[in-house]
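# Residue-level structure breakdown
The primary structure of each chain is shown beneath.
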Amino acid sequence: MDLARPSEERSAAEGPGDGFVDFLDTMSVAVAQLPQTVGEQVRAARISAMERVKAAICAAQAKEAYAMEQDIIARHRAEGIYKDNPARGAGAEVALARKEAQHRGPRFINYSRGLIEQMPYTFDALARGELTEERAMLMVNKTHDVHIDIRRQIDRHMAGERGALEGVGTKQLAARMDKEVLAYDSRPELNKHADAMNKRRVTLSPTADGMMRLTAWLTVPQGIAMKQALRTAASKRRAADDPRTDDHVMADTLVQRITGQKNALRPPLLVNLTMTDRTLLVGDSEPAQLKGYGTISAALARWLIVGDQHSWEEDNEVETWVRRVYTAPTSGELIAMDSEARIVPGKLKELIEVRDQFCRTPYCDAPIRHIDHVYQAAKGGETTEVNLDGRCAWCNQTKETSGWEETVIQGMRHSILITTPGGQMYRGTAPPLPGTPESPPGPTEGSELTSP
């Protein structure tokens, strides 16, 4: 069994590494090549051992994230920058190293700090495999709002004895933690309830079946009032030829009352569809991209434009605007629109939003909130399709951290190269558009880095 891992297989994000990184590389190859001529008992023992090792690695990763934040703080203080926030950028670097969205980085660092500084018994239970990372995070989060001394007491009481948490499930652990916290102080619970009142919101998310799920976080009186109103609408006598169920009526009533439109199934629609001409005109099966939703089938894209001639609604005509987006015939890139102004024109902004679909930072799936320059305008970056990308608010702010560099990679699809202050490198590539191949995602042979 060859356990050697070629050095060129190590990703840029891993950096130069050290002896421990090489050890982990070798171990990962060995685990992938375990002999399979074993019995049921051996497999069960392997799974159990792997779970212990996984937990130990999670504990070690928390320790590394904690230490990395301290390193970044020390560097910023030595450089005399970010005195009000010396840990700036630490969360972003940790998140990228963990292959997560940047907003998760500070959460993981806070968890790591609480685990190491204030909950040593929980940390030890994780390191020896008695806890999973999920349950260790639960214990840290449940005690986040209590006084440090109380947190340490709960830590000692819950995890101070070896084996105390063996066999305890996640829900059972959560109930025990709630009991411990409330026994000391009930104010955190009241504060959370008050905080939840200020977080009333409505979200819409796509589902796998071509629909969208609406989720509303409401106060109890608001929720009850809405439920009663929709049930009242469903209980009214409907026309004999109306095939809808009560659930259908409740959903349609909700849309009608929010939008003010009579036809709930076919409200006026601005179709930001990215699709090939073959899909629209010839009946091709190439999927399309619907802004605000994601990838949809060719048939659904045509339905959004043409409509359903067999709808139960008498008034089936609907206003539909179709915004066509064209692509280059060879590379699949969107046709560029350039501007000499620093402020991004409206049409160019919409073009970038269609091209990028999500925040362009690797591993971040957040919606686009800002269209900004890859190579900053303050450094001479131009306001062109090539030098613009879409970012969420968090990632757009992070890129202004000292030592954070971004450049465009010339290639078949729009790609950027991010270099963090710690020297790690990550590539973010725009998703493929309809009618274009998945690969090559990065630079082609002979391509080069540019600073537009």
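Model, not experiment: these values are computed from the prediction.

Conventions adopted
Residues numbered from 1 in each chain as written. Predicted model: local features only at pLDDT ≥ 70, side-chain atom pairs only at ≥ 80, totals over all residues. Heavy atoms only, no water. Patch = residues over 30% accessible without salt bridge, like charges linked within 9 Å, V, L, I, M, F, W, Y side chains within 5 Å. Areas by Shrake-Rupley, 256 points an atom, 1.4 Å probe, with all protein chains shown as cover. Salt bridge = Lys/Arg side-chain N within 4 Å of Asp/Glu carboxyl O. Helix = DSSP H or I, 4+ residues; strand = E, 2+ residues; numbered from the N terminus. Polar contact = N/O pair within 3.5 Å; in protein donor to acceptor, adjacent residues only side chain to side chain. Buried < 20%, exposed > 50% of the residue type's maximum accessible area, 1.4 Å probe, protein only. Core = buried A, V, L, I, M, F, W, Y, C linked by side-chain atoms within 4.5 Å. Contact = heavy atoms within 4.5 Å. Axes fitted to C-alpha atoms, helices over the stretch in contact; angles between N-to-C directions. Parallel < 35°, antiparallel > 145°, perpendicular 65-115°, else oblique. pLDDT = per-residue confidence, 0-100. Pairing = 2+ DSSP bridges.

Another aspect to go through is a nonpolar patch on the surface. Taken together, the side chains of Val202, Leu204, Met212, Leu214 and Ile258 make up a nonpolar region of the molecular surface, amounting to roughly 500 Å² of accessible area. Those elements giving two or more residues to the nonpolar patch turn out to be strand E1 (201–206) and strand E2 (212–217). Structurally, the position occupied by Met212 is in strand E2.

Our focus in this paragraph is the side chain of Glu406. Mapping Glu406 onto the fold places it in strand E10 (residues 405–409). A polar contact is formed between the side chain of Glu406 and the side chain of Arg391, at a distance of 2.7 Å. Polar contacts involving the side chain of Glu406 include one to the side chain of Trp404, which spans 3.0 Å.

Now for the pattern of salt bridges. For the structure on display, the rule yields 15 salt bridges. Lys379 is paired through a salt bridge with Glu405; the nearest N and O atoms lie 3.4 Å apart. Of this pair, Lys379 sits in the loop between strand E8 (370–373) and strand E9 (388–391) while Glu405 sits in strand E10, and the two are 26 residues apart along the sequence. By relative accessible area, Glu405 is classed as partly exposed at 37%. Here Arg391 and Glu406 are joined by a salt bridge, their closest N and O atoms 2.7 Å apart.

Formed by 32 residues in total, the largest nonpolar core has its most connected members in Tyr111, Leu126, Leu131, Met139 and Leu173. Of all the elements in the fold, those that place two or more residues in this core are helix H2 (40–79), helix H3 (90–97), helix H4 (104–118), helix H5 (120–127), helix H6 (133–142), helix H7 (148–159) and helix H8 (170–184). Among residues more than four places away in sequence, those in contact with Met139 are Met119, Thr122, Leu131, Met158, Leu165, Leu173 and Met177. Counting 8 residues, the second-largest nonpolar core is a separate cluster that includes Ala92, Val374, Ile416 and Tyr426.

Quick look at the packing of H4 against H5 now. The geometry of a pair of packed helices is captured by two quantities: the angle between their axes and the separation between those axes. Put simply, H4 and H5 touch, their axes get as near as 6 Å, and they point 105 degrees apart. The orientation of H4 relative to H5 falls into the category roughly perpendicular. On the side of H4, the interface is formed by Tyr111, Leu115, Ile116 and Gln118, while H5 contributes Pro120, Thr122, Phe123 and Leu126.

Time to look at H3. Counting buried residues in H3 gives 7 out of 8 residues, a clear majority hidden from the surface. Residues of H3 that are buried include every one of Ala90, Gly91, Ala92, Glu93, Val94, Ala95 and Leu96, and no others. The elements touched by buried residues of H3 are H2, H4, helix H15 (393–398) and strand E12 (425–429). Once H3 finishes, Lys99 follows within two positions and takes phi at roughly 60 degrees, a positive value.

Turning our attention to the side chain of Thr401. By the element assignment, Thr401 lies in the loop between H15 and E10. Side-chain polar atoms of Thr401 contact the backbone oxygen of Thr398, separated by 2.7 Å. Sequence-distant contacts of Thr401, defined by excluding residues within four places in its chain, comprise Tyr82, Arg88 and Gly89.

Turning next to the confidence of the model for the protein. When pLDDT is averaged along the protein, the result is 80, and 74% of the positions lie at 70 or above. Of the regions scoring below 50 in pLDDT, residues 336–341 engages in 12 contacts with residues more than four places distant in sequence or in other chains.

In the sheet, E1 pairs with E2 via 6 bridges, with the strands oriented antiparallel. Paired with Val202 across the bridge in E2 is Ala216. As consecutive antiparallel partners, E1 and E2 are separated by 5 residues, and within that stretch Gly210 has a phi angle of approximately 80 degrees, a positive value.

The backbone of Gln357 sits at a positive phi, close to 70 degrees, despite the residue not being glycine. Position of Gln357 among the secondary structure elements: in the loop between helix H14 (346–356) and E8. The phi dihedral of Tyr363 falls on the positive side, at around 75 degrees, and the residue is not glycine. Structurally, Tyr363 is set in the loop between H14 and E8. We classify Tyr363 as partly exposed; its relative accessible area is 36%.

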